Amino acid sequence: MIVHRIVIISGLLLGGVVDAQPELPVPKPIMKTPALGPEPAPVGSAPGSPTPVPALVPPVPAPPVVLPPPVVPAPEILNPAPIPQVVKPIIADKAVPMAVIAKPMVVEDKPLLGPSARLINAGEVRTRLGLPAQAPSKPNLANVKIAVLDFGFEGCDPKKLGFPAGSTIVENYSPEWIKANNLGDPDYQKGFEAGNSHGRLMAQAAWAVAGNSQQGPVFLLLNANGPTLFRRAVRHAIEQGVQIILFSAHFEGGGNFDGHGSINAIVDEAVRAGIIWINAAGNHHGRVYNGPITPGADGFLQFGPTKKSGLQFINRLDENTHNIILTWNDYSEQEDAGTTKDLVLIAETLGGKEIGRADLKQVGRDKPAGEGETHNPRERLTLPSLGAGFYRLRVQAKAGAFTAKDRLRILISPTRGEPYPHPDTGKPTDPLVFTDASNEEELFPPADNPRVLTVGELAEYSAVGPTSDRRLKPDLLLTSLPAKWSNGEVFGGTSYSAAYFAGLMTVLKADHPKLQTNDLMAWLAVIRKPFRTTTLKPAPVPWRTPAATELDSLMASLR
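Predicted model, so just to flag it, every value in this text is computed and none were measured.

> Can you help me understand helix 3 (residues 198–210) in this one?
Taking 1.5 Å of rise per residue, 13 residues should cover 18 Å, and helix 3 covers 19 Å from first to last C-alpha, within 8% of that figure. Taken from the residues just after helix 3, G211 is the one with a positive phi, measuring 125°.

Right, dumping it as structure tokens:
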């Protein structure tokens, strides 16, 4: 089998694997959750000579209180044979079937077959979740269907046996089915992202927690590469009677930071159909700014109580491409609904030299978006090979009547975002310091949806809430536990925590077929009681898996 190295894509997707340095301590990774979006990125010019930057380390927020892990007997761990590992820092960093009018096309009309690499610390993960390290036989897993929505499943080779019988992979959806279900232009197709194995790894991690058994669950690996494909994947999952959806990603647009918008409207359809939706929180803590839109007399926005003219950030590494996404809360429940509120994103040096600009023209729904135009309240700027130095972001209100209810969000994603050993001290150092980051309201859709189970980590990089309407999010935290693969790769981030949790949910669903989102939300309220505070920070609580009797009693009380 070919071993694929995970590569960063636009600074938001799966992070790059860097060569390990055995003589140095392995730093905790800053991981990037995949973000999807259809629009191309305007490209800015690179700055001049790099400026030496002092080693500044951003403050670390106090972690939430951690419950002790459940006491579980220590049977033999799965895959106990030691395998030499080279630990590499990673950035990372989706009843009865309804009538199907036209079936989607599948990549191979055969059982889904997986890769040879396996999760060698599956027993440790299961123990951490309150399950026995050695999974018992569980025939009722065959009754559980789980859909993994993602934009890449590299390594799912139909010639290599892997996932349980009945599992399938869908890359393209037939035009007849698209038209019959009103799912966009039937001629629009977008395949899996070449070389991207993120979705396949998520499915493997969930399956490992469920027991790596051919008894089940049944996996549906569905192409969600962009909002249009995302909508088709959700509809297909509903029609196939899926009980659990895992989406270890987010969208950089399509929402208003409050659980609403076009992306969350799609997710709501799945939740109304009784599907338990599990979403990763994201790995971009400290890289997001949120605030009101307050134009000054010159049209440039003023930030914070001191009315700053720009937002400052520090890049510590030369040749480090940065992707900067600006969105504002003018999305509707319909995709590409249009907006006449227009903002411009500008990057410059502290001396005022412009180094990049994103200036698409926002247009209303009644007008087709032409060259240089968009229906979405979003600007995306790429600064290629940015030199080390101090920089500033400015935003200009170009058109539209903004009110006190309008808010914006800026996310900075460096391509090389993982901590690196400082050349003088050897200490892990963050290559990006977003000086004016808000350090709250960091969840992108659909992680901000009120009916989604959003999974974060007890780690510095894990994105935090609350939502802009001050709801408690993420819903739960898992202790960070990197995935160790038999091919020598080591990955981590909230994507994996969400995948682990999805695997746990398949086990609970097999034992409790009537388990629903409401039951899990009620259980979260139970374990949250000892941690109640007068504020929403920290928002979530560490997860504790309920005993069978606890869950039965809780479910009975809600029926």
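> Honestly, the pairing of strand 17 (residues 407–414) in this entry has me stumped. Any pointers?
A regular strand places its side chains on the two faces of the sheet in alternate fashion. Buried residues dominate strand 17, accounting for seven of its eight residues. Note: strand 8 (residues 288–292) against strand 17, five bridges, orientation antiparallel. Considered in strand 17, the bridge of N290 is made with R409. Where strand 10 (residues 322–328) lies against strand 17, seven bridges are found, and the strand directions are antiparallel. Looking at the pairing, I324 lines up with I412 of strand 17.

> Honestly, helix 7 (residues 517–528) in this entry has me stumped. Any pointers?
Along an α-helix, residues three or four positions apart point the same way, because every turn accommodates 3.6 residues. With twelve residues, helix 7 extends 16 Å between its outermost C-alpha atoms, agreeing within 8% with the 16 Å of an ideal straight helix rising 1.5 Å per residue. Within helix 7, nine of the twelve residues are buried, which leaves it mostly tucked inside the rest of the structure. Where helix 7 is concerned, the buried positions are T517, D519, L520, M521, A522, W523, L524, I527 and R528.

> Quick question: what am I supposed to make of the packing of aromatic side chains here?
Pairs of aromatic rings are described using the distance from one ring centre to the other and the angle between the two planes. A complete count under the given rule lists 14 aromatic pairs for this structure. Ring geometry for F230 against W277: centres 5.9 Å apart, planes inclined by 65°, an arrangement best described as edge-to-face. Taken as a pair, F230 in helix 4 (residues 227–239) and W277 in strand 7 (residues 276–280) lie far apart in primary sequence, 47 residues in all. Note on W277: relative accessible area 0%, which makes it buried. When the ring of F247 is compared with that of F251, the centres are 5.8 Å apart and the planes differ by 25°; the resulting orientation is stacked. Accessibility expressed as a relative area gives 0% for F247, which makes it buried. What makes F251 buried here is its relative accessible area of 1%. An aromatic cluster is present here, built from F230, F247, F251 and W277 joined pairwise through their rings. Residue placement shows R394 over the ring face of F300; its charged tip is 4.1 Å from the ring centre.

> Mind showing me how you'd approach the sheet that holds strand 10 here?
Note: strands within a sheet are paired through backbone hydrogen bonds, in either parallel or antiparallel orientation. Sheet architecture is open: four strands sit in the order 8-17-10-15, paired in antiparallel fashion. Sheet topology places strand 8 and strand 15 (378–383) at the edges, where each strand pairs with a single neighbour. Averaged over all neighbouring strand pairs, the angle between strand axes comes to 15°, with direction disregarded.

> Looking at this model, I keep getting lost on the packing of helix 4 against helix 5 (residues 262–272). Mind explaining?
If you want to describe how two helices pack, look at the angle between their axes and the distance between the axes. Close contact between helix 4 and helix 5 brings their axes to 9 Å; oriented N to C, the two are set at 5°. As judged from the angle between their axes, helix 4 and helix 5 are roughly parallel. Residues P227, F230, R231, V234, R235 and I238 of helix 4 lie in contact with helix 5, whose contacting residues are I263, I266, V267, E269 and A270. Along the lines of polarity and charge, the residues of the contact of helix 4 with helix 5 split into eight nonpolar, no polar and three charged.

> How should the confidence of the model for the chain be read in this particular structure?
Predicted coordinates in regions of low pLDDT should not be interpreted in detail. Confidence in the prediction for the chain averages 81 pLDDT; 76% of positions are at 70 or higher. Between residues 1–111, whose pLDDT stays under 50, and residues either more than four places distant or in other chains, the model counts 304 contacts. Note on residues 534–539: pLDDT under 50 across the span, and nine contacts to partners over four residues away in sequence or across chains.

Reading the values: the criteria
Residues numbered from 1 in each chain as written. Predicted model: local features only at pLDDT ≥ 70, side-chain atom pairs only at ≥ 80, totals over all residues. Heavy atoms only, no water. Helix = DSSP H or I, 4+ residues; strand = E, 2+ residues; numbered from the N terminus. Expected span 1.5 Å × (residues − 1). Buried < 20%, exposed > 50% of the residue type's maximum accessible area, 1.4 Å probe, protein only. Pairing = 2+ DSSP bridges. Phe/Tyr/Trp six-rings, centres within 6.5 Å; stacked < 30°, edge-to-face > 60°. Lys NZ or Arg CZ within 6 Å of the ring centre and 35° of its normal. Axes fitted to C-alpha atoms, helices over the stretch in contact; angles between N-to-C directions. Parallel < 35°, antiparallel > 145°, perpendicular 65-115°, else oblique. Contact = heavy atoms within 4.5 Å. Nonpolar A, V, L, I, M, F, W, Y, C, P; charged D, E, K, R; others polar. pLDDT = per-residue confidence, 0-100.

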